Amino acid sequence: MNGALQVRRLAAKDADGARRWDAFVQGNASATFFHLSAWQRIIRQQFGHEGYFLYAERDGRIEGVLPLAENKSRLFGHALIGLPFAVYGGVAADNEEAARALEDAAQAQARKLGVEHLELRNVRRRHEDWPHQDLYVTFRKEILPEEEANMLAIPRKQRAMVRKGIKNNLRAELDRDVGRFFALYADNVHRHGTPAMPRRYFQALLDEFGDAAEVLIVSSEQGEPLSGVLSFYFRDEVLPYYAGDAVAARDLAANDFKYWELMRRACARGLKVFDYGRSKQGTGSFSFKKNWGFEPTPLNYEYCLYKREAVPQNNPSNAKYQLMIKAWRRLPISVANWLGPHIVRSLG
């Protein structure tokens, strides 16, 4: 006879619990890279957020997980999020009983903490009666078995940009140090008027995830770094997640070449899915990914509101942040990189 389902919290130093958690994540079809237990350490160590990684267990077997973290900020409010700095989150479970138990436990934890809202970053809608936000979409596409087939699957105009990068003799190489990547990334986000993550965060991702995290740098024929991307690998998928480009990258088609090179290498490794990640509808990033032949899939972020009446809009598309964005662009980049980590930790 089956025992009762129990919801427990993964202790920060529970190595056996983390091993069992990750084994479940690797085997559950609805789980993602962002459900892995290592995110609890990263988010606590790099941003100071307390993690509430909940799992549902019966007879010693995990049936579902829900990674959460508390994000408390004077600027952006107080929330329990599954999961800050992740594009996918919410419950990953083998059955509806476990999923419901975890969501109930999350709501109980949110009330105990006194947060303004609980946010679950679901791919699929789970609760029609919960407030939700459909601002974001994700772009995912099959990687074909043959390199040339992947090239020909890129729409003609964008394919021409890839070939331009190849003709410019651009070169790509892996880098286990984040120095060159961070310089490209920080300069890129500064030009867009948004704060940069701290350099130590990117190094922590490489150190924590090992072979499942990788930096690819594209350089000019003369060796000048032009474009970089930090990608995650999960099961048979590659997820380019953080990226940056120098101003010179545009004329040399380094950005297109970068993603083609990543796709080409993923094909050679036998991977099956290229996950282009999250974009806001109506943005340049959204258009770029569509131009590569990727079709958008809506993300269904769902909320429980406790001390607020509307879903939060803590993103650059919010008109109230436009003056801040303009002012940020005028800051010297050294100042922006110093201030950025104090602000970005609250964004999530």
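Everything numeric in this text was worked out from a predicted model, so none of it was measured.

Caption draft 1: Structural view of the pairing of strand E2 (residues 51-58). Most of E2 sits out of view: 8 of its 8 residues are buried. Neither face of E2 is open: one carries Gly51, Phe53, Tyr55 and Glu57, the other Tyr52, Leu54, Ala56 and Arg58, and all of them are buried. Sheet topology places strand E1 (residues 6-9) next to E2; 4 bridges connect them, and they run antiparallel. By the bridge assignment, arginine 9 is partnered in E2 with leucine 54. Relative to strand E3 (residues 61-73), E2 runs antiparallel, the two being bridged by 8 bridges. Bridging across to E3, leucine 54 finds its partner in leucine 66. A loop of 2 residues connects E2 with E3, the two strands running antiparallel in sequence, and aspartate 59 in this loop sits at a positive phi of about 55°.

Caption draft 2: Quick peek at the domain arrangement of the protein. Per the domain assignment, the segments of the protein are domain 1 (6-134 + 300-345) and domain 2 (137-298). Here domain 1 and domain 2 have C-alpha centroids that lie 25 Å from each other. Opposite the 40 residues of domain 1 that make contact, domain 2 presents 33 residues. Interface area lost by domain 1 to domain 2 is led by Phe33, Gln46 and Tyr88, which between them contribute 21%. Across the contact surface, domain 1 and domain 2 share 1 salt bridge. Among the salt bridges present, the one from glutamate 208 reaches arginine 41, with a minimum N-O distance of 2.5 Å. Joining domain 1 to domain 2, the criterion identifies 12 residue pairs in polar contact (both at pLDDT 80 or more).

Caption draft 3: Expanded view of helix H5 (residues 156-167). Between its first and last C-alpha, H5 extends 16 Å over 12 residues, near the 16 Å set by a 1.5 Å rise per residue. For H5, every residue scored as buried is listed here: Gln158, Arg159, Val162 and Gly165. Axial view of H5: buried residues confined to an arc of 110°, hence all on one face. Opposite the buried face of H5, at more than 90 degrees from it, the exposed residues are Arg156, Lys157 and Lys167.

Caption draft 4: Quick peek at the environment of serine 220. If you trace the backbone, serine 220 turns up in the loop between strand E10 (213-219) and strand E11 (225-234). Under the relative-accessibility criterion, serine 220 is labelled buried at 4%. For the pair serine 220 and glycine 165, spaced 55 residues apart in the sequence, the C-alpha separation amounts to 9.4 Å. The residues touching serine 220, leaving out its near neighbours within four places in the chain, are Asn169, Leu170, Arg171 and Leu226.

Caption draft 5: Expanded view of the nonpolar core. The biggest cluster of nonpolar side chains holds 55 residues, and the ones touching the most others in it are Phe34, Trp39, Tyr201, Phe202, Leu205, Phe232 and Tyr242. For this core, the element with the highest residue contribution is helix H6 (residues 179-192), accounting for 6 residues. When residues of this core are sorted by domain, at least three fall in each of domain 1 (6-134 + 300-345) and domain 2 (137-298). Setting aside its immediate chain neighbours within four residues, phenylalanine 34 contacts Trp39, Pro67, Leu83, Ala86, Val87, Tyr88, Phe232, Leu239 and Tyr241. Ile154, Trp260, Leu262 and Phe294 belong to the second-largest nonpolar core, a separate cluster that totals 23 residues.

Conventions used here
- Residues numbered from 1 in each chain as written.
- Predicted model: local features only at pLDDT ≥ 70, side-chain atom pairs only at ≥ 80, totals over all residues.
- Heavy atoms only, no water.
- Buried < 20%, exposed > 50% of the residue type's maximum accessible area, 1.4 Å probe, protein only.
- Helix = DSSP H or I, 4+ residues; strand = E, 2+ residues; numbered from the N terminus.
- Pairing = 2+ DSSP bridges.
- Domains from an automatic or database assignment.
- Contact = heavy atoms within 4.5 Å.
- Buried area = accessible area lost by both parts, 1.4 Å probe.
- Salt bridge = Lys/Arg side-chain N within 4 Å of Asp/Glu carboxyl O.
- Polar contact = N/O pair within 3.5 Å; in protein donor to acceptor, adjacent residues only side chain to side chain.
- Expected span 1.5 Å × (residues − 1).
- Arc of directions from axis to C-beta.
- Core = buried A, V, L, I, M, F, W, Y, C linked by side-chain atoms within 4.5 Å.

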